[in-house]
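An overview of the molecular structure
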Amino acid sequence: EVQLVESGGGSVQAGGSLRLSCTFSGFIYSAFCMGWFRQAPGKEREGVAGISSDGATRYSDSVKGRFTVSTDNAKTTLYLQMDSLEPEDSAMYYCAARDGFSSFCPRRTDEASFFVFWGQGTQVTVSS
């Protein structure tokens, strides 16, 4: 059974940094695709970053240059390093995963429907 356990959310001041973590297990294939989404009240869910099991990445224009998505060497944890945070980054952040190879990863990691498994979400609040 695929399991995603998310942590790292909290409240920070504008200009600060925060790192989100998502531990994952239970994949039956060597290849996978993972992503980070966020949703603020009254706004559409946004796919901010994605990464394939071979290390290819994708970022939304709103976070490119400020956020970094990565996995650890053991391929057990997904990270989202968030730097130069702005109040507009405040949202509920979700970790998402898709098991198996896909030629559309990471290109389609901006689509929520592309993923099968989801974490519980963690709140990020950036104050000015």
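The structure this text deals with has already been given above.
None of the values given here were measured: they were computed from a predicted structure. (Residues numbered from 1 in each chain as written. Predicted model: local features only at pLDDT ≥ 70, side-chain atom pairs only at ≥ 80, totals over all residues. Heavy atoms only, no water.)

Here threonine 109 shows up in the loop between β9 (91-99) and β10 (117-118). Threonine 109 gets classed as buried once you look at its relative accessible area, which sits at 0%. Reaching out from threonine 109, the side chain makes a polar contact with the side chain of arginine 58 at a distance of 2.7 Å. Dropping the residues within four chain positions of it, threonine 109 is found in contact with Cys33, Met34, Phe37, Gly47, Ala49, Gly50, Arg58 and Phe115. (Helix = DSSP H or I, 4+ residues; strand = E, 2+ residues; numbered from the N terminus. Buried < 20%, exposed > 50% of the residue type's maximum accessible area, 1.4 Å probe, protein only. Polar contact = N/O pair within 3.5 Å; in protein donor to acceptor, adjacent residues only side chain to side chain. Contact = heavy atoms within 4.5 Å.)

So, on to the side chain of threonine 71. Structurally, threonine 71 is set in strand β7 (residues 67-71). With relative accessibility at 19%, the residue threonine 71 sits in the buried group. A polar side-chain atom of threonine 71 sits 3.3 Å from a polar atom in the side chain of lysine 75. With sequence-adjacent residues up to four places away left out, threonine 71 is seen in contact with Ile51, Thr77, Leu78 and Tyr79.

What follows concerns the sheet that holds β7. A sheet is described by the order of its strands in space; here 4 strands give the open sequence β1-β3-β8-β7, paired in antiparallel fashion. Each edge of the sheet is formed by a strand with only one pairing partner; in this case those strands are β1 (3-7) and β7. Strand-to-strand, the axes of this sheet are offset by a mean angle of 15°, without reference to chain direction. The pairing of β1 with strand β3 (residues 18-25) spans 5 bridges and is classified as antiparallel. Its bridge partner lying in β3, serine 7 is registered against serine 21. (Pairing = 2+ DSSP bridges. Axes fitted to C-alpha atoms, helices over the stretch in contact; angles between N-to-C directions.)

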